[in-house]
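Tertiary structure, described
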Amino acid sequence: MAESEELFLLDFKPSPFSARVKIALAEKGLRYESREEDLANKSPLLLETNPVYKLIPVLIHNGRPICESMIIVQYIDQVWNHKSPLLPSDPYRRADALFWADYVDKKIYFIGSTLCTSKGEAKEASRKDLIECFKILEGEIGDKSYFGGESFGYVDLIFIPFYSFFYAFETLGNFSMIEECPKIVDWAQRCLQKESVSKTLYDQLQFYDIADEQLTLLDWHPSPFTTRVRIALAEKGLNYESRQEDLSNKSSLLLEMNPVNKQIPVLIHNGRPICESMVIVQYIDEVWNHKSPLLPSDPYQRAHARFWADYIDKKVFPIGRLMWASKGEVKAASKKDLIECFKILEGELGDKPYFGGESFGYVDLSLIPFYSFFYTFETLGNLSIVEECPKIVDWAHRCLQKESVSKTLCDQRKFYEVLLEPICESLIIVQYIDEVWNHKSLFLPSDPYQRAHARFWADYVDKKIYPIGKMLWSCIGEVKEASKKDLIECFKILEGELGEKPYFEVRDSVS
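Conventions and cut-offs
- Residues numbered from 1 in each chain as written.
- Predicted model: local features only at pLDDT ≥ 70, side-chain atom pairs only at ≥ 80, totals over all residues.
- Heavy atoms only, no water.
- Pairing = 2+ DSSP bridges.
- Helix = DSSP H or I, 4+ residues; strand = E, 2+ residues; numbered from the N terminus.
- Axes fitted to C-alpha atoms, helices over the stretch in contact; angles between N-to-C directions.
- Contact = heavy atoms within 4.5 Å.
- Polar contact = N/O pair within 3.5 Å; in protein donor to acceptor, adjacent residues only side chain to side chain.
- Buried < 20%, exposed > 50% of the residue type's maximum accessible area, 1.4 Å probe, protein only.
- Domains from an automatic or database assignment.
- Left-handed = near helix turned anticlockwise from the far one by under 90°.
- Nonpolar A, V, L, I, M, F, W, Y, C, P; charged D, E, K, R; others polar.

So, the sheet that holds strand β1 (residues 7-11)
- Spatially, four strands are ordered β2-β1-β3-β4 in an open sheet, and the strand pairing comes out mixed. Pairing within the sheet leaves two strands with one partner each, and these edge strands are β2 (33-36) and β4 (64-67). Averaged over neighbouring strand pairs, the angle between their axes works out to 20° when direction is ignored.
- Bridge analysis of β1 against strand β3 (residues 58-61) gives four bridges, and the strand direction is antiparallel.

Concerning the environment of S145
- Tracing the backbone through its elements, the reader meets S145 in the loop between α5 (120-141) and α6 (154-159).
- Taking the C-alpha atoms as reference, S145 lies 7.7 Å from R190; in sequence the two are 45 residues apart.
- With residues up to four places along the chain from it excluded, the contact list for S145 reads E150, W187 and R190.
- At 3.2 Å, the side chain of S145 forms a polar contact with the side chain of E150.

Focus on the sheet that holds strand β5 (residues 215-219)
- An order of β6-β5-β7-β8 is seen for the four strands of this open sheet, with the pairing classed as mixed. For this open sheet the edge positions go to β6 (241-244) and β8 (272-275), each flanked by a neighbour on one side alone. Taking the axes of each pair of neighbouring strands and ignoring which way they run, one obtains an average angle of 20° across the sheet.
- As paired elements, β5 and β6 share four bridges and run parallel to each other. By the bridge assignment for β6, D219 is matched with Q244.
- Packed on one face of the sheet, helix α12 (residues 224-235) meets β5 and β7 (266-269) and runs near 155° to β5.
- Of the strands in this sheet, β7 and β8 are in contact with helix α14 (residues 277-287), which crosses β8 at around 125°.

Remarks on the side chain of S277
- Mapped onto the elements, S277 comes out in helix α14.
- Overall, S277 belongs to the buried group, its relative accessible area being 7%.
- A distance of 2.9 Å separates polar atoms of two side chains, one belonging to S277 and the other to R228.
- For S277, the contacting residues outside a window of four places in its chain are F225, R228, V229 and P265.

Remarks on the domain arrangement of the protein chain
- Each assigned domain of the protein chain is listed here: domain 1 (7-194), domain 2 (213-294), domain 3 (296-425) and domain 4 (439-498).
- Each of domain 1 and domain 4 has a C-alpha centre, and these two points are 69 Å apart.

Brief notes about the side chain of Q204
- With respect to the element layout, Q204 can be found in helix α11 (residues 204-211).
- Residues in contact with Q204, not counting those within four places in the same chain, are Y163, S164, F166 and Y167.

Re the packing of helix α16 (residues 328-349) against helix α20 (residues 390-400)
- As a packed pair, α16 and α20 sit with axes 8 Å apart at the nearest point and diverge in direction by 65°. Helix-helix and strand crossings are classified by hand; for α16 and α20 the assignment is left-handed. Residue-level contacts link F342, L345, E346 and L349 of α16 to P390, K391, I392, W395 and R398 of α20.
- Grouping the amino acids of the contact of α16 with α20 by side-chain chemistry returns six nonpolar, no polar and three charged.

Spelled out as structure tokens, the structure:
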């Protein structure tokens, strides 16, 4: 390559599409700089050079971007045509190669992805479709060494990155590649003898670890605690299913997965629950430790970060909630305490861009969800955070430049509206009070059956006592007599339910 040539590849190592480009560059003997992208927080360079799809790979050649893997490979083959031709020179054979590369592009990845992520009939159908695709490709390769004949070429290059998927296909699809498609396996082994391929492909078992992850988050969007988990998942580039919980009628899954506190968030990883937001964040950081570390590796710095995250957990939310829920002297005292907390945090932040230094980390992640509360703090506390704590506001704006944060936080005004949204109907209000202020004097039992039982009898009281009693005092004659009889019968039924107990149900105690 001439000295004037500058090649940059915006890359993501596990991607088969990036692998295509890297193999093509290796085949041509080209030097380039690989810039690994964080797909959860895409770089300004990626967004600038691929504004249409905002996807990797992007090859930047002397400042000019080329996007889409097959287009990039063709570009490389045309510009550096002095060695290792990838596409045939004959127009018909060239068209044939483009056809089969297009077939691979449209079939293997999409059917394979469905196989890896689906269940039941959809999984079985995609397994059948994938094997059929491989058999069609076996028919095309025939007895040739490579798809184009005796030398490695364009179709081979487009297809071989999916060799990294083979173990995931077999394990998640419950079939054997070598039994179903022996010619494809033999072809892949020949390709792997080429250094350009063997040094580029992503390890099958590592890819399987990515493909086999099943993550479900029991979530409630306005919660700062679930927000922490969503930011951590985004920082690591992890896909997950979010299940929104109705906190006034918690799902059986939540009660089963978090039987101790019965609170969101709960992260379910391959069927195993992890509870409490900061515990979950640490778990995510330890399991997916190959990118975007949240906690420092140094033991002292790690302990220091945990101290400040614990400080935030014990101070900001409890004091903030007290401020917006109280009046008079209590409100004024909690407002003073909240400002003091923020000033202490400003002292810890100092002149650093983030609490941990130059990069977004664990303490930032624990505090930034409370940015959604700032408007509520200011409005209900009659204060200006930018005047009282300007460093905290500046820090928050830096955090908001991260896509993982900006796309996750609940809007400040929407949170304020949620907080002030009216709750109607007495029994609904009582249940709401019990759910929100659940640290003491619980009204409803924690056991799901007992909870349903209590709701049944509360509904009975609601539907019987007042309507019949009202009828009794407002009527005369036979109607009064009948309603009197009905009311006494209601009370006797309730006496039967009360039995020898001092109260209708024994409430859970909270220390």
